[in-house]
Amino acid sequence: MQLLLAGLFACGCVSLVDAVPWPIAESYINPAVECSQSANPGACRHRRDSWKTEYNAAIAGKYQEQRNVAICLSTGCDKAIQSDKILGCAWRMVIAKSGHTELDDTDAMNLKVFCGADYITQTDRRVAETQARAMAMMIGK
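Residues numbered from 1 in each chain as written. Predicted model: local features only at pLDDT ≥ 70, side-chain atom pairs only at ≥ 80, totals over all residues. Heavy atoms only, no water.

Chemist: What is the right way to read the state of the cysteines from this model?
Modeler: Throughout this description, disulfide means a covalent bond between two cysteine sulfur atoms. In total, this model carries three disulfides according to the counting rule given. Covalent S-S linkage joins Cys72 and Cys77, the inter-sulfur distance amounting to 2.1 Å. Taking the sign of the S-S torsion, about -90° here, the bridge from Cys72 to Cys77 comes out left-handed. At a sulfur-sulfur separation of 2.1 Å, the disulfide partner of Cys89 is Cys115. Looking down the S-S bond of the Cys89 and Cys115 bridge, the torsion is 125°, so its handedness is right-handed. In this pair, Cys89 sits in helix H5 (residues 85–96) while Cys115 sits in the loop between helix H6 (105–114) and helix H7 (122–139), placing the two residues 26 residues apart along the sequence. Both residues of the pair, Cys89 and Cys115, count as buried. (Disulfide = S-S within 2.5 Å. Helix = DSSP H or I, 4+ residues; strand = E, 2+ residues; numbered from the N terminus. Buried < 20%, exposed > 50% of the residue type's maximum accessible area, 1.4 Å probe, protein only.)

What follows is the structure in structure tokens.
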């Protein structure tokens, strides 16, 4: 079986990108919190209402939506989204290496903050780097 899979990967008949689909957007919604429990219920509801559209645009390579997804994964966006600091950092890395013409100084600053030692461990950063490489390939950047 391993030889068959190795052969399929080698010939380009299948790829890891095809083998590992993106998680569905709804899987990131924070089920433990109702927006009424958030410090800003309106912002929480808005983020949840727009999450699927933004997430799908982010995985399609859209710059601003990638930034929005990154910040929500890093911070939870008023408890609307399940925070995942490693994945948030990985998105920052994808953005930094994307070649988007819209890149600016805030992207470099956010990479430094949300992938920095004060926010995640060095081990977590290495995990984020691995995830970012896989994500960039899936996006096609």
